[in-house]
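Here is how the chains run, residue by residue.
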Amino acid sequence: MKHDSAADPVTDTYPTGPRLALLTDTEARQTIEHLQLLEQLDPGGRGRAAGQLAADLARRLPAP
């Protein structure tokens, strides 16, 4: 069966109910703590990327 996606537009509706966050605030803060720990434990210098990721994530969280 041949399918032509250009001829069949996608039509659907989004759910109207609230969506769950990918991470809760608590989970995000724990992730930041783990990334900071990883930054400190990596002797090869690659931990800096974990620290940068932790900082980026922390900036996106609401103030406690």
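Residues numbered from 1 in each chain as written. Predicted model: local features only at pLDDT ≥ 70, side-chain atom pairs only at ≥ 80, totals over all residues. Heavy atoms only, no water.

Participant: Can you help me understand the overall build of the protein chain in this one?
Facilitator: Check the secondary structure of the protein chain and you find 2 helices and 0 strands. Going through the 64 residues of the protein chain one by one, you find that 12% of them count as buried. As displayed, the protein chain offers around 6,100 Å² of accessible surface, 56% of which is attributable to carbon and sulfur atoms. (Helix = DSSP H or I, 4+ residues; strand = E, 2+ residues; numbered from the N terminus. Buried < 20%, exposed > 50% of the residue type's maximum accessible area, 1.4 Å probe, protein only. Areas by Shrake-Rupley, 256 points an atom, 1.4 Å probe, with all protein chains shown as cover.)

Participant: Sorry if this is basic, but what is going on with the nonpolar core here?
Facilitator: Side chains that are nonpolar tend, in soluble globular proteins, to be buried together. By size, the foremost hydrophobic cluster in this structure holds 6 residues: Ala28, Ile32, Leu35, Ala50, Ala54 and Leu61. Per-element tally for this core: the top contributor is helix 1 (residues 25–41), with 3 residues. Non-local contacts of Ala50, meaning those with residues more than four positions away in its chain, are made with Leu35, Leu38 and Glu39. (Core = buried A, V, L, I, M, F, W, Y, C linked by side-chain atoms within 4.5 Å. Contact = heavy atoms within 4.5 Å.)

Participant: Hey, could you run me through the packing of helix 1 against helix 2 (residues 47–60) in this one?
Facilitator: The axes of two packed helices give the description: the angle between them and the distance between them. At a minimum axis separation of 7 Å, helix 1 and helix 2 run at an interaxial angle of 155°. Judged by the angle between their axes, helix 1 and helix 2 are roughly antiparallel. Between helix 1 and helix 2 the crossing geometry is left-handed. On helix 2, the residues that touch Ala28, Thr31, Ile32, Leu35, Gln36, Leu38 and Glu39 of helix 1 are Gly47, Arg48, Ala50, Gly51, Leu53, Ala54, Leu57 and Ala58. (Axes fitted to C-alpha atoms, helices over the stretch in contact; angles between N-to-C directions. Parallel < 35°, antiparallel > 145°, perpendicular 65-115°, else oblique. Left-handed = near helix turned anticlockwise from the far one by under 90°.)

In short, geometric facts, not functional conclusions.
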